[in-house]
Structure formats: structure tokens, C-alpha cells
Amino acid sequence: MAEEVVQREELSAALAARRELGPEYEDALVEAFVDKIERRLDERMRTAPRRHQPSGLAVPLGSLGIAIPLLGVAGGTAGIWGVVAVSIAIVVVNLAYASYALRR
């Protein structure tokens, strides 16, 4: 089970303080309690282990690996225009992936 962000005792203490101080201090108590939660969540985010990010080389290397047989087939069947078409397709795929990767 995950560690609690705020202990139940802290919540109980905040509610008891609200009862003692009255409704005129409710906003300040709630604000202080929310700030405490936010600080602890921020601390957790800083200390949490980073998730593995996939390498940005997967698509470029994969497209180069696929390019070899595609260029061979295209050159053998369609000649130079087939090679040009495959090359353009590979460039477009790599540019689209690079654009997508930059936006993430």
C-alpha cells in the first residue's frame, strides 16, 4: 500500500482546530492543510525514480534497417524513381517522428 501523503492524525488535528477557532478561520486552516499536501506531493515527485524513457534512436535506426531491403526492391523493380520514392518516404517518416518527439 502506498504511503499516506498526510497522516490521519494531522487531518484530525486540523478539524479539531477548526472546531476550536470557529468558521472564520476555516479558509486559513484549509489553505494551510492544502499547502502541506502540495509540499509533500512535490517532494515525492522530486524523489520518485524516473521512468525509463525510450531511446530517440529507435525510429531512425529502424527506418535505416528497413531502407536497405526497400531500396533494393525499389531499385530492382522501379529503377531510380523507386529509390527516390523510398528515400522520400523514409525522410518523411523520420521528420514526422522527430516533430512528434519534440512536442512530447
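What you see is a predicted model; the values in this text were computed from it and never measured. (Residues numbered from 1 in each chain as written. Predicted model: local features only at pLDDT ≥ 70, side-chain atom pairs only at ≥ 80, totals over all residues. Heavy atoms only, no water.)

1. Overview of a negative patch on the surface
Reasoning step 1: A cluster of acidic residues, Asp-27, Glu-31, Glu-38 and Asp-42, forms a negative patch on the protein surface.
Reasoning step 2: With relative accessibility at 42%, the residue Glu-38 sits in the partly exposed group. (Patch = residues over 30% accessible without salt bridge, like charges linked within 9 Å, V, L, I, M, F, W, Y side chains within 5 Å. Areas by Shrake-Rupley, 256 points an atom, 1.4 Å probe, with all protein chains shown as cover. Salt bridge = Lys/Arg side-chain N within 4 Å of Asp/Glu carboxyl O. Lys, Arg positive; Asp, Glu negative; His and termini not counted. Charge placed at Lys NZ, Arg CZ, Asp CG, Glu CD. Buried < 20%, exposed > 50% of the residue type's maximum accessible area, 1.4 Å probe, protein only.)

2. Side note on the packing of helix α1 (residues 8–21) against helix α2 (residues 26–47)
Reasoning step 1: Orientation of α1 relative to α2, taken along the N-to-C sense of each, is 165°, at an axis distance of 9 Å. One finds that α1 runs roughly antiparallel with respect to α2. The element α1 and its partner α2 pack so that their crossing is right-handed. Where α1 abuts α2, its residues Glu-10, Leu-11, Ala-14, Ala-17, Arg-18 and Leu-21 lie against Glu-26, Leu-29, Phe-33, Lys-36 and Arg-40.
Reasoning step 2: For the contact of α1 with α2, the per-class residue count stands at six nonpolar, no polar and five charged. (Axes fitted to C-alpha atoms, helices over the stretch in contact; angles between N-to-C directions. Helix = DSSP H or I, 4+ residues; strand = E, 2+ residues; numbered from the N terminus. Parallel < 35°, antiparallel > 145°, perpendicular 65-115°, else oblique. Left-handed = near helix turned anticlockwise from the far one by under 90°. Contact = heavy atoms within 4.5 Å. Nonpolar A, V, L, I, M, F, W, Y, C, P; charged D, E, K, R; others polar.)

3. Points about the pattern of salt bridges
Reasoning step 1: Inspection of the entire model under this criterion finds three salt bridges.
Reasoning step 2: Close ionic contact of Arg-40 with Glu-10 constitutes a salt bridge, the shortest N to O distance being 2.8 Å. With Arg-40 in helix α2 and Glu-10 in helix α1, this pair connects stretches of sequence that are 30 residues apart.
Reasoning step 3: Within the structure, one salt-bridge network assembled from shared partners comprises Glu-10, Lys-36 and Arg-40.

4. A word on a nonpolar patch on the surface
Reasoning step 1: Nonpolar side chains collect at one region of the surface, where Ile-80, Trp-81, Val-84, Ile-88 and Val-92 lie side by side and expose about 550 Å² of accessible area between them.
Reasoning step 2: Mapped onto the fold, Val-84 is located in helix α4 (residues 80–103).
Reasoning step 3: Looking at Val-84, the relative accessible area reads 33%, which means it is partly exposed.

5. Here's the deal with the side chain of Ser-63
Reasoning step 1: Residue position: Ser-63 is located in helix α3 (residues 58–78).
Reasoning step 2: By relative accessible area, Ser-63 is classed as buried at 11%.
Reasoning step 3: Apart from residues no more than four positions distant in its own chain, Ser-63 is found in contact with Ile-90 and Asn-94.

6. Let's talk about the environment of Gly-56
Reasoning step 1: Structurally, the position occupied by Gly-56 is in the loop between α2 and α3.
Reasoning step 2: Considered as a pair, Gly-56 and Ala-101 are 45 residues apart in the sequence and their alpha carbons are 7.8 Å apart.

7. Here we look at the packing of α3 against α4
Reasoning step 1: For the pair α3 and α4, the least separation of the axes is 7 Å and the interaxial angle reads 165°. Comparing their axes, α4 and α3 come out roughly antiparallel. Crossing geometry of α3 relative to α4 is assigned as right-handed. Residue-level contacts link Val-59, Pro-60, Ser-63, Ala-67, Leu-70, Leu-71, Ala-74, Gly-75 and Ala-78 of α3 to Ile-80, Trp-81, Gly-82, Val-83, Val-86, Ser-87, Ile-90, Val-93, Asn-94 and Tyr-97 of α4.

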